[in-house]
Amino acid sequence: MLAPGKGRAVAYQALALAALVLAGWFLISNTAANLEARRIASGFGFLGREAGFEIGESFFLRYGAADSYWHALAIGLTNTLAVAAIGIVAATLLGFLIGLAHLARNALLRGIATAYVEFLRNVPLLVQLFFWYALITEGLPLPREALEPLPGFFLSNRGIFFPSFSGVPELQGFNFAGGAALSPEFAALLVGLATYTAAFIAEIVRAGILAVSRGQRDAAQAIGLARWQATRLVILPQALRAIVPPLTSQYLNLTKNSSLAVAIGYPDLVSIANTTINQTGQAIEGVTIIMAVFLTISLSISALMNWYNATIAIR
Amino acid sequence: MSRVLTVALTLLVLLAAIPFVQWAVVNAVWQPDAPACRAAHGACWGFIVEKHRFILFGTYPYDEQWRPATATLLLIGLWVFSAFRANWKPRLALVWIAGLAIIGVLMWGGVLGMRYVENERWGGLILTLLLTTFGLAIAFPLSILFALGRRSGMPVIRALCVGYIELVRGVPLISLLFMASVMLPLFLPGGWTLDKLLRAQIAMILFATAYLAEVVRGGLQAIPRHQYESSAALGLGYSSQMAFVILPQALRIAVPPLVNTFIGFFKDTSLVLIIGLFDLLSTVKVSLTDPKWTGFGVEAYLFAALVYFAFCFAMSRYSRRFEH
């Protein structure tokens, strides 16, 4: 819009491109010289080498220290995707509940929802992750004295244990065996990501519902729907159109924030890439892998949510 | 129905609050006495009492800590001063330059009989506040350029701005911080070095620029077309149009989302802990490694949460005043 004269526009753009190319050339030539001085071979060849470190936990795939870096990074990626996927589902459920509670007629319920949103939103996620991790590892009892809120569910400072298809957890020696388990790191990351993102989702849900015109609720009441029915059948479907675009960016934020796993020791992609960088010195390749993977995930989530948004839009 | 819900909720709140109050107040230990803390069933606030100097000022020389304390208060004062609309005048820039100069003198010292303290020893709250202040002060003007570039009619400029903004927004901040801490040294000609604090600050600026640019763009989009057309009809060139007509209105509209982005940025400075900088969260974490005092993480992180909350909540209350 309103660009300066044509000749000047071409000159500006040529200048910008030239500056970029020059800066790029400057950085690349410096990097090449530095790598040569430090005897680091650039390229992704190192990915085939033996990683030599163990990974605490993994979903679906098997891994041992003798496997390659490539393999280790794949484990990291599945760990990132697992915590992000479960976190997104949990944050959405919790966020919608709190968003609805924020608009309830009951003043106490509204107060609880407001307090939740204000406190969780105004404290850095990293502080919250450390807090949850400390609460699990310091606040929960040893496996020997584990809390059992439901039969077969055990909360202890070594993690959360619950029944699965393979059996029921039982105390053996100093820890539980059998059933399924969430490590303290995974549990802290999941709880932290879900509760933090839920606070933002709650605000989006509230704004989306308030954006639906007042007449819609009156009309729903007039045809005899109860308050809850009106919300579920009339208000929410319309509110979703306003909710989905900002919800998408919250999903993206949650996925990107899962990279804070590196601070509490959950072996996500970033934390394994970090170990790889420390062991091999391949900093550029390591950071490139992290960025490329997250860009791909971001674009995929955006595409998926745009498709969903198109299906609920007014035709 | 509503009454039943109120009673049920009250019971639930009490059920959660009573054990919490017992832990946090009734059974709590307030003296810095580790054995007493371990014997008690309550919170150990004595840990905070014992470590508060380290948490707030990091490894800054102990008997010189009045300097970061004064600098912290001065910096907070500058922010509060800037919050009043009556002070939004050109002389505000002069106030900031003077204030930051005094803070620099206080922190580095080396003059007026104050000992020189290298910035590797700065830490705690002042580091968090300085990272935020300088990050925003440099990223904000840059973000305006990127926002204007993204709406520019010049395809190359637009493509560069879109590419930069979307790239940075698509990757986690951690990856930018890693880039700054492990890749930046490789980018520089041999023999050049940047210290850790400066490298982290650069990453934070790159990050904030992209997010702020999108907020500024939102403000620009809210300006009706006729504002552009009538200012062009007055014969104003592109830069005068932007500087005197469009930006003053666009930035005013964008104040609430800008403050929200500022809050997000303030919270995100805590990530510098991961690349080994000594910010407020980092000093809290390090103070827990004292063998005499391990195992009080819940208390320590609650305290950190309260400090961050105080700043963020104040900012969010402030931005709400502009929404009406």
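Computed from a predicted model, the values in this text were never measured in an experiment.

Of the regular secondary structure elements, chain B holds 14 helices and 0 strands. When the helices and strands of chain B are read in sequence order from the N terminus, they spell out α-α-α-α-α-α-α-α-α-α-α-α-α-α. By its C-alpha atoms, chain B is 75 × 70 × 40 Å across when sized along the principal axes. Within chain B, the proportion of its 324 residues that are buried is 37%. Long-range contacts, defined here as pairs at least 24 residues apart, represent 67% of the contacts in chain B between residues at least 6 apart.

Glancing now at the overall build of chain A. When helices and strands are counted, chain A shows 10 helices and 5 strands. Rg of the C-alpha trace for chain A: 25 Å, well past the compact-globule value of 20 Å for 315 residues, more than 25% over. Dimensions of chain A, computed from C-alpha atoms along their principal axes, come out at roughly 80 × 75 × 35 Å.

Below, the discussion takes up the sheet that holds strand S1 (residues 154–156) of chain A. All names here are of chain A. Spatially, the 3 strands line up as an open sheet ordered S1-S2-S5, and their pairing is antiparallel. On the outer flanks of this sheet lie S1 and strand S5 (180–182), each paired with one strand and no other. Strand-to-strand twist in this sheet, taken as the mean axis angle between neighbours without regard to direction, amounts to 20 degrees. With 3 bridges connecting them, S1 and strand S2 (residues 159–162) associate as antiparallel partners. Bridge pairing in S2 places Ser 156 opposite Gly 159.

As a further point, take the interface of chain B and chain A. Quite often, the size of an interface is put as the accessible area lost when its parts meet. Taken together, the contact between chain B and chain A spans 48 residues of the former and 50 residues of the latter. Secondary-structure elements contributing two or more residues to the side of chain B that touches chain A are helix H1 (2–26), helix H7 (155–170), helix H8 (173–187), helix H10 (225–233), helix H13 (280–287) and helix H14 (297–320) of chain B. Looking at the side of chain B that touches chain A, its residues break down into 33 nonpolar, 12 polar and 3 charged.

For helix H4 (residues 125–139) of chain A, with 15 residues, the first-to-last C-alpha span of 20 Å sits near the 21 Å given by 1.5 Å per residue. Inspection of H4(A) places A:Leu125, A:Leu126, A:Val127, A:Gln128, A:Leu129, A:Phe130, A:Phe131, A:Trp132, A:Tyr133, A:Ala134 and A:Ile136 among the buried residues, and these make up the whole buried set. Residues of H4(A) that are buried sit in contact with helix H5 (184–211), helix H7 (227–257) and helix H8 (261–264) of chain A together with H13 and H14 of chain B.

Turning our attention to the packing of helix H2 (residues 69–102) of chain A against helix H3 (residues 107–121) of chain A. Residues and elements named next belong to chain A. Viewed as axis vectors pointing N to C, H2 and H3 meet at an angle of 130 degrees, and their least axial separation amounts to 7 Å. In terms of axis orientation, H2 runs oblique to H3. Of the two possible hands of crossing, H2 and H3 adopt the one that is left-handed. Residues Ile 98, Ala 101 and His 102 of H2 touch H3, and the partners they reach there are Leu 109, Arg 110, Ile 112, Ala 113, Thr 114, Tyr 116 and Val 117. Split by residue class, the contact of H2 with H3 holds 7 nonpolar, 2 polar and 1 charged.

For a regular strand, the rule is simple: side chains alternate between the two faces of the sheet. Residues and elements named next belong to chain A. The turn joining S1 and S2, which pair antiparallel and follow one another in sequence, is formed by 2 residues. Across 3 bridges, S2 lies against S5 in antiparallel orientation. Residue pairing across strands places Ile 160 opposite Leu 182, the latter belonging to S5.

So, about the environment of B:Ala34. Residue and element names in this part refer to chain B. Residue position: Ala 34 is located in helix H2 (residues 34–39). With 20 C-beta atoms packed within 10 Å, Ala 34 lands in the buried category. Taking C-alpha positions, Ala 34 is 39 Å from Ala 180, a pair spaced 146 residues apart along the chain. Every residue in contact with Ala 34, bar those within four places of it in the chain, is listed here: Lys 292 and Trp 293.

Our next topic: the domain arrangement of chain A. For chain A, the assigned domains are domain 1 (6–38) and domain 2 (69–312). On a C-alpha basis, the centres of domain 1 of chain A and domain 2 of chain A stand 41 Å from each other.

For the rest of this paragraph, the subject is the packing of helix H9 (residues 196–221) of chain B against helix H11 (residues 238–253) of chain B. Residues and elements named next belong to chain B. Where H9 contacts H11, the two axes come as close as 8 Å, and the packing angle between them is 115 degrees. What the angle tells us is that H9 and H11 run roughly perpendicular. Seen along the crossing, H9 lies across H11 with a hand that is right-handed. Residues Val 216, Gly 219 and Leu 220 of H9 touch H11, and the partners they reach there are Ile 246, Ala 250, Leu 251 and Ile 253.

This part covers the nonpolar core. The biggest cluster of nonpolar side chains holds 162 residues, and the ones touching the most others in it are A:Leu126, A:Val127, A:Leu129, A:Leu189, B:Leu177 and B:Tyr301. A per-element tally of this core places H5(A) first, with 17 residues. Setting aside chain neighbours within four positions, we find A:Leu189 in contact with A:Val83, A:Leu129, A:Ser258, A:Ala261, A:Ile264 and A:Tyr266.

A few words now on H13(B). With 7 of 8 residues buried, H13(B) lies mostly within the body of the structure. Looking only at H13(B), the buried set comprises B:Leu280, B:Leu281, B:Ser282, B:Thr283, B:Val284, B:Lys285 and B:Ser287. Next to the buried residues of H13(B) lie H4 of chain A together with helix H3 (46–57), helix H6 (125–150) and H14 of chain B.

All names here are of chain A. Residue position: Ile 160 is located in strand S2. Residue Ile 160 is classed as buried on the basis of its C-beta count, with 23 C-beta atoms lying within 10 Å. Linking Ile 160 and Pro 143, residues 17 residues apart in sequence, is a C-alpha distance of 9.6 Å. Residue contacts for Ile 160: discarding those within four places in its chain leaves Leu 155, Ala 181, Leu 182 and Ala 187.

We now examine the confidence of the model for chain A. Of all residues in chain A, 98% have pLDDT values of 70 or greater, and the mean over the chain is 87. Within chain A, H5(A) carries the highest mean pLDDT (94), whereas strand S4 (residues 175–177) of chain A carries the lowest (78).

Our focus in this paragraph is the confidence of the model for chain B. Overall, the predicted model of chain B reaches an average pLDDT of 88, with 99% of residues at or above 70. Across chain B, element-level confidence peaks in H6(B) with a mean pLDDT of 93 and bottoms out in H2(B) with 82.

Rules and cut-offs
Residues numbered from 1 in each chain as written. Chains lettered and ligands numbered in written order. Predicted model: local features only at pLDDT ≥ 70, side-chain atom pairs only at ≥ 80, totals over all residues. Helix = DSSP H or I, 4+ residues; strand = E, 2+ residues; numbered from the N terminus. Buried ≥ 20, exposed ≤ 12 C-beta atoms within 10 Å, placed from the backbone. Contact = placed C-beta atoms within 7 Å. Rg over C-alpha atoms; globule rule 2.2 N^0.38 Å. Pairing = 2+ DSSP bridges. Axes fitted to C-alpha atoms, helices over the stretch in contact; angles between N-to-C directions. Nonpolar A, V, L, I, M, F, W, Y, C, P; charged D, E, K, R; others polar. Expected span 1.5 Å × (residues − 1). Parallel < 35°, antiparallel > 145°, perpendicular 65-115°, else oblique. Left-handed = near helix turned anticlockwise from the far one by under 90°. Domains from an automatic or database assignment. Core = buried A, V, L, I, M, F, W, Y, C linked by C-beta atoms within 7 Å. pLDDT = per-residue confidence, 0-100.

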